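# Summary of the model geometry
Here are the chains, one letter per residue:
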Amino acid sequence: MVGGRARSTAPRDLADNSQAWPHADLARHPAAAVVQAIAATLTGELAARKLSRRGLATLSGVNRQSINDLLAGTSWPDVATIALLETALGQRLWPTGPPGGAAR
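What comes next is a walk through the structure. (Residues numbered from 1 in each chain as written. Predicted model: local features only at pLDDT ≥ 70, side-chain atom pairs only at ≥ 80, totals over all residues. Heavy atoms only, no water.)

Here we take up the overall build of the protein chain. Scanning the protein chain from N- to C-terminus turns up 4 helices and 0 strands. Going residue by residue from the N terminus, the α and β elements of the protein chain occur as α-α-α-α. The contacts of the protein chain with a sequence gap of at least 6 include a subset with a gap of at least 24, amounting to 52%. Surface exposure of the protein chain reaches about 6,000 Å², of which carbon and sulfur atoms provide 51%. (Helix = DSSP H or I, 4+ residues; strand = E, 2+ residues; numbered from the N terminus. Contact = heavy atoms within 4.5 Å. Areas by Shrake-Rupley, 256 points an atom, 1.4 Å probe, with all protein chains shown as cover.)

And the structure:
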């Protein structure tokens, strides 16, 4: 389970190239790869719906800063946050394939 010191490092900082977030290679860090996949999917949904982060915060009840941190890869979102975002969008954000795999 990810916890303790492992969670003190932001997901994006576990990538060899953190500037490549949310498309960086995180194959050695499966938990961070899941956060990256969620961030990438969420970014795409916001763009497709022409929905702002503030708008998503209003729809979901998730604090706008929490959304910003998730998208930037600087936080480890909890299950409640992901559930609220998925419910607001009517869209699954959690990846269905293995972390870092082709099926995201």
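Here the focus is the side chain of threonine 81. Mapped onto the elements, threonine 81 comes out in helix H4 (residues 79-89). In this structure the side chain of threonine 81 is engaged in a polar contact, spanning 2.7 Å, whose partner is the side chain of aspartate 78. (Polar contact = N/O pair within 3.5 Å; in protein donor to acceptor, adjacent residues only side chain to side chain.)

Quick look at the side chain of arginine 12 now. Structurally, arginine 12 is set in the segment before helix H1 (30-49). This buried residue, arginine 12, is left without a salt bridge; aspartate 13 holds the nearest opposite charge, at 4.5 Å. (Buried < 20%, exposed > 50% of the residue type's maximum accessible area, 1.4 Å probe, protein only. Lys, Arg positive; Asp, Glu negative; His and termini not counted. Salt bridge = Lys/Arg side-chain N within 4 Å of Asp/Glu carboxyl O.)

On inspection of all chains with the given rule, the structure shows 2 salt bridges. Residue arginine 28 pairs with aspartate 16 through a salt bridge whose shortest N-O separation is 2.9 Å. Of this pair, arginine 28 sits in the segment before H1 while aspartate 16 sits in the segment before H1, and the two are 12 residues apart along the sequence. On the basis of relative accessibility, which here comes to 62%, the residue arginine 28 falls in the exposed class. For arginine 49, the salt bridge is made with glutamate 45, and the minimal N-O distance between the two is 2.8 Å. With arginine 49 and glutamate 45 both in helix H1 and 4 residues apart, the pair spans about one turn of that helix. For glutamate 45, a relative accessible area of 16% puts it in the buried group.

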